[in-house]
Amino acid sequence: MMGATVDTILSKYRHDSTRLMDILIDVQDEKSCISDDTVKEIAKGLKISMADVEQTLSFYHFFSKTPTGKYTVYLNDSVVAFMMGREKIAKAFEEAVGCKFGEVTADGLIGLFNTSCIGMNDQEPAAIINNRVFTRLTPFRVKELVKDMKAGKDIDEMYSAKTGDGNNSHELVHSVVNNHIRKEGPILKTDVRQGEIIEKITKMTPEEVIKEIKDSNIRGRGGAGFPTGLKWEFCRRAPGKQKYIFCNADEGEPGTFKDRVILTEKAKLLFEGMTMAGYAVGATQGILYLRYEYKYLQKYLEDVIEKAEKAGWLGKNIGGRKNFEFYIRIQFGAGAYVCGEESALIESAEGKRGEPRDRPPFPVEKGYLECPTVVNNVETLCAAVKIMKYGSEWYKSLGTAESTGTKVLSISGDCFHPGVYEIEWGFTINNILDMVAGFNVQAVQVGGPSGALIAPNEFDRILGYEDLATGGSLIIFNESRNILKDVVLNFTEFFIEESCGSCSTCRILPVVMKDKLVKILNGLGVTRDIDDLLEWGKILKASRCGLGQTAANPITSSINNFRHLYTSLLKTKKDYETGFDLNLAVQEACEATNRIANV
Amino acid sequence: MYQTIKIIIDGKECIAKKGQYIVEAAKENNIYIPTLCNIEGVKPKGACRICTVKVNGRLMTACTTPVAEGMSIESESAELTDLRRSIIELLFVEGNHFCPACEKSGECILQALAYRYSVMAPRFPFMFPIRELDASNPKIIKDHNRCVLCKRCIRVIKDDEGKNIFAFKKRGHKVEIIVDPESADKFTDELAEKAMEICPVGAILVKGKGFKKPIGQRKYDLMPIGSDIEKVSKSKKAVL
Ligand SMILES: Cc1cc2nc3c(=O)[nH]c(=O)nc-3n(C[C@H](O)[C@H](O)[C@H](O)COP(=O)(O)O)c2cc1C
Ligand code: SF4
Ligand code: SF4
C-alpha cells in the first residue's frame, strides 16, 4: 500500500463509513499519523462530520494525530513485563533514544510509547516496533535496536536471534515470537485434515450440527462461559436474511496469549470452525476481529484464507455443495481492551468507538449491522471442530461434569516454564504449579485482572465453571513480589486506562478507588479506607459491561484474600485521615527554593 | 395495537405495554424511576446508570430494558436508593459543580436529583479536575466543568444533513465532549436553544441567555423532580 493517498484508501473501502477502522488503520500505517487535514478529508469522503471521525480516532490507542516517529516503539506495561525487568528496559530506551516515553525525538525518527498487555507475557519484556514484536529484551538488545534504528535499518533486519518456533518462522510471519506450547491436548493436536469437518457437516442438517455442539455442553472460552450450542441456536432462529460469524481474537485480558498461539499454529482449524458455525446458523460472512498487536500475523492469515478459497473450503459452493457459501475477512482493532467485549467488538467493526451496547437486544438477535451475529472466542471455534470430529460423548468424557472438555491456559509470571498448556478442566491450582514449576508462590491471579487473586490456602480450588472460571490467564507471583504496589495498583490502572468512559460508574469510581489505594500505600490509610473500598466496589456492579463490573476485583479480591497486606500498611490509629501530606504537597516548591520539606 | 402485559414494580402490580422500556411503564403507573441521560422518545444509552433497578434480581438500567410479561422489578429499595445516591455523588465529585453560581440552577437535573436523594456531602473525595470553559463558538458556551457526559447532546443535536455536531473524544476518565470544528455556522439560534435545553446540567449555555428565567421560578424550584409523575403535592419531602 506504500504511496496510497487518502483518496485511494477511501475508494478501497468504497467510501463506506462502517469501514472507518480500516480506513484509519491504513492512513495511520501510511502517514504515521492522522492529521486534522486528513480527518477533514476522511469526513468529507464518508459524508460524516469531522467530530464523528474524531470520536472513533481518539478512542483507540494506536491512532495518533501527531507523527509517532519513523520507528514507533510500544513497550508493554503489564505486570509481568515489570516483573521481568521492564523498568531497566524503559530506561535503556530513553537513554539510547534521547527522549522520554510518550515523546518523539526532535528529528521525528523514534517515538517511545507505553501500551497495555501485548499478549507476550511468556516472553517479557517485549515491545512492538513498527508492527513487529521484539521479545525478551535486555538493556543490551535495546542499545543494538536503537543503533539499528539510527542507521535506518529495515525493521525485519533488526532481529538478532533466529525466528521463533513453529509457524513463527514461516516466511509470511517471520517473527522472533515463540509459541511455548508445553502441553498439547485435543485442541492443539494436529489431527484434522483441512476440509474434513466441512465434508462431514454438509452431510448433516444445520440443526444436527447445533445439537451435537449442544450435547457436548461446551461453554464459551472467552471468559463469559455462555453455552455455545445455545448461542448458535438463538442465532439460527433469529429472523434475518443476513447473519454473521465473528471470531473474537481481541485477546486483551492481561496475561492471555493462548489465542495468539492458536492463530499461529491452528489457523486452518479456526477458519474451519468459523465456516462450520456459518453453516449451522446460516451465515455467509465471517469476520476475524484481530487485535492490532497481532498485526504481524496478517499476511500469513490472509494467505491461509486465500488458499482455502482456492481449495474450495471457503467461498461459493464450499466442498462442492451448492448454496453453501462462506467468506472470511480480517478486521483489525487498534488498541482497546474493551473491544473484546462482544458488542463493543461489533461497534468497532462498524467503524465506531468501542463502546459496549445496552443489552437486550443481544448480538444473536441484533449484532453487526443490526443483523443476527454470533461472536465466539478463537478457542471455542477450534474446540467445536474437534467435537464434530470425535462427537459430544467423547468431549464430555473430558473435564468435569459441569465443565466439559479442555482449556488452553496462558501461564506466566514466576515459574520455570511459562507458556501455553492445554489441560482438562478440574485441575487444581496446586496441579498447575507442579506442572509449570512455580516455587515459593505467594499468590496466583486466575482469569487476569478481572478474575481473582488466590492465596495459598485456596490452592486446592479447581479450574472450572463450578469454581474458578477463567478465560485462561494465570499469573504466578512469588514471595518477593509486592502484591499491592506491583500487582493490584497496576491492574487498577489498567482498568482506568481501558474503560470506554460511557458509564458514570466505570469512568469515575476506579480512579477514586485507585487514589484511595495510593493513600493506603503511602502509609496514610485507616481501617475505614479498607471498608470503603469494599463497599464502593459494589457500586461498579451497576456498570454496563464486564469491564466496569469487574474493575474493582483487583482491589476487592486482594482485600478479601490478603487483608493483612493492607492492615500492615495502616500506620495511624486514627479513625479518619484526609490522606493529605503537607510535606509532599510543598516538596516541589521546597526543591525550587533549596529548602528541605519539613513542615 | 399494542399488547398489554402485567409486571410488578416494588410489589405493586402494574399494567404495561409490551416492549416499552421499564422507565416508561413505571411512569404510566405513576412510579418515578430517576433518570438523567434518558430523553423520552430518543434511543436510550444507559450512560448515567442512575435508573438502575433489579429485574428478577439482576441489575439492569430501566431506561434500556424493555418490559416483559411477569417481570418483577425492584426500584425503591434501600440498596438501590443508596446506589443511586452514590452515582449522583460520583457525578458531583467528577466535575466542578458550583450550583449557586450556575446559570442552570433550578433547571438542572443533577441538582434536582441531589435534592431528591438528600445528597449532603459526597462520600467520595472531590477530584477537582482542571477543565476548560470554551466560548469559541459564536452562539454557545461549553463549560466542561459541569458536563456529566450523558451524551444527550450527541444523540439529539444534528445538523441539517443529520450529521453529528457533538461527539465524545478519548475514552475512560479522559472522555470529553467536543463540538464539530466545522459546525460554528450551523448553529442557528434555535439549535443553540435546543442544545442548552437538552443538556441536563449547565454545560451548554446560549450566550446571553443564562438568566432569562429568574431563579426561584424555575422548574425544580417549584416542584421536586419526579413529583409530576408521582402526582403528589409539592410538599412531599425528599426520600429518606
Ligand atoms: C471487557 C471485556 C473484554 C473481553 N475480551 C475478550 C477477548 O479478548 N476475547 C474473547 O474471546 N472474549 C472476550 N470477552 C468476552 C466476550 O464478550 C464474549 O463473551 C466472548 O467473545 C464470546 O465468545 P465465547 O462464547 O466463545 O467465549 C470480553 C468481555 C469483556 C467484558
Ligand atoms: S462498564 Fe466501563 S467499559 Fe463497560 S460500557 Fe461501561 S464505561 Fe464502558
Ligand atoms: S454537554 Fe450536557 S448534554 Fe452534552 S454530554 Fe455534557 S452534560 Fe450531557
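The rules behind each value
Position labels on residues start from 1 in each chain and follow its written sequence. For this description, chains carry letters from A and ligands carry numbers from 1, given in the order in which they are written. Predicted model: local features are reported for residues with pLDDT of at least 70 only, side-chain atom pairs are reported and counted for 80 or more only, and whole-chain, interface and lining totals are derived from all residues. Side-chain figures throughout are based on the complete set of non-hydrogen atoms in the structure, without hydrogens or water. For patches, a residue must show more than 30% relative accessible area and have no salt bridge; joins then use 9 Å for like charges and 5 Å for nonpolar side chains, namely Val, Leu, Ile, Met, Phe, Trp and Tyr. Per-residue and other accessible areas were derived by the Shrake-Rupley procedure at a 1.4 Å probe size, with only the shown protein chains allowed to occlude residues. The salt bridge definition used is simple: a Lys or Arg side-chain nitrogen within 4 Å of an Asp or Glu carboxyl oxygen. A simple rule labels every residue: compare its accessible area, found with a 1.4 Å probe on the protein chains alone, to the largest value its type can have, and call it buried under 20%, exposed over 50%, or partly exposed in between. Between any two strands, pairing holds if DSSP finds at least two bridges. By definition, any uninterrupted DSSP run of H or I lasting at least four residues is a helix, any uninterrupted run of E lasting at least two residues is a strand, and each is numbered from the N terminus. Only heavy atoms matter for contacts: two residues are in contact if any of them lie within 4.5 Å across the pair. Whenever a helix is involved, its axis is fitted only over the stretch in contact; in every case the axis is a line through C-alpha atoms, and angles between N-to-C directions fall within 0 to 180 degrees. Throughout, the term roughly parallel applies to angles under 35 degrees, roughly antiparallel to angles over 145, roughly perpendicular to angles from 65 to 115, and oblique to all others. Note: domain ranges come from an automatic or database domain assignment. As used here, buried area is the combined drop in accessible area, with a 1.4 Å probe, of two parts when they are placed together. N or O atoms within 3.5 Å of each other form a polar contact, as long as, within protein, one can give a hydrogen and the other can take it, and as long as residues adjacent in sequence are counted only when both atoms are side-chain atoms. Residue proximity to a molecule or strand is established when one non-hydrogen atom of the residue lies within 4 Å of it.

This part is about a nonpolar patch on the surface. Taken together, F580, L582 and V599 of chain A make up a surface patch of nonpolar side chains, about 340 Å² in accessible area. Residue classification places F580 of chain A among the exposed positions, given a relative accessible area of 55%.

Our focus in this paragraph is the sheet that holds strand 10 (residues 204-206) of chain B. All names here are of chain B. As summarised here, the arrangement of the three strands in space is 6-7-10, forming an open sheet in which the pairing is antiparallel. Strands at the two margins of the open sheet, each flanked by one partner only, are strand 6 (133-134) and strand 10. The pairing of strand 7 (residues 140-143) with strand 10 spans three bridges and is antiparallel. Residue K142 lies in a different strand from strand 10, and its bridge partner there is I204. The strands that helix 5 (residues 189-198) touches are strand 7 and strand 10; relative to strand 10, the one it contacts most, it runs at about 140°.

This part takes up the packing of helix 2 (residues 20-31) of chain A against helix 4 (residues 50-57) of chain A. Each pair of packed helices gets described by two things: the angle between the helix axes and the distance between those axes. All names here are of chain A. Running from N to C, helix 2 and helix 4 cross one another at 75°; their axes reach a closest spacing of 11 Å. By the criterion of interaxial angle, the relationship of helix 2 to helix 4 is roughly perpendicular. For the pair helix 2 and helix 4, contact is made by L20, M21 and L24 and by D52, V53, T56 and L57, respectively.

All names here are of chain A. A full pass over the atoms with the stated rule returns 66 salt bridges over all chains. Between E341 and R359 there is a salt bridge, with its nearest N and O atoms 2.9 Å apart. Highlighted residues: E341 in the loop between strand 9 (327-332) and helix 14 (342-349) and R359 in the loop between helix 14 and strand 10 (373-377), separated in sequence by 18 residues. Among the residues examined, E341 registers a relative accessible area of 14% and is labelled buried. Using a relative accessible area of 23% as the deciding quantity, one classes R359 as partly exposed. A salt bridge links R461 to D467, with the nearest nitrogen and oxygen atoms 2.9 Å apart. Shared partners join several salt bridges into a network, and the residues in it are K516, K519, R528, D529 and D532.

Turning to the sheet that holds strand 15 (residues 473-478) of chain A, a few remarks are in order. Residue and element names in this part refer to chain A. Here six strands make up an open sheet; going across it, the order is 6-12-11-15-13-14 and the pairing mixed. Each edge of the open sheet carries a strand with a single partner, namely strand 6 (181-183) and strand 14 (452-454). Taking the axes of each pair of neighbouring strands and ignoring which way they run, one obtains an average angle of 30° across the sheet. Here strand 11 (residues 406-413) runs beside strand 15; their pairing, made up of four bridges, is parallel. Within strand 15, the residue paired with S410 across the bridge is S473. Strand contacts of helix 11 (residues 258-265): strand 6, strand 11 and strand 12 (419-424), with the helix running at about 120° to strand 11, the strand carrying the most contacts.

All names here are of chain B. Under the domain assignment, chain B is made up of domain 1 (4-76) and domain 2 (84-212). The C-alpha centroid of domain 2 is placed 25 Å from the C-alpha centroid of domain 1. Buried area between domain 1 and domain 2, both sides added, is near 1,400 Å², and the carbon and sulfur share of it is 62%. By the criterion of area lost to domain 2, the three top residues of domain 1 are L36, I39 and I50, representing 40% of everything that side buries. In this structure, the connection of domain 1 to domain 2 is made through zero salt bridges. For the pair domain 1 and domain 2, the number of links is seven residue pairs in polar contact (both at pLDDT 80 or more).

Let us look at the site of ligand 1. Residues and elements named next belong to chain A. The full set close to ligand 1 counts 19 residues, and G222, N248, N376, N377 and T380 are the nearest of them. Backbone polar atom of G340 to a nitrogen atom of ligand 1: 3.2 Å apart, as the coordinates give it. The separation between an oxygen atom of ligand 1 and a polar side-chain atom of N376 is 2.9 Å. Relative to its free-state accessible area of 600 Å², ligand 1 is covered by the protein chains to the extent of 91%. Among the secondary structure elements, those contributing two or more residues to the shell around ligand 1 are strand 10 and helix 21 (546-550). Among the elements that line the shell around ligand 1, the one with the most residues is strand 10, at three residues.

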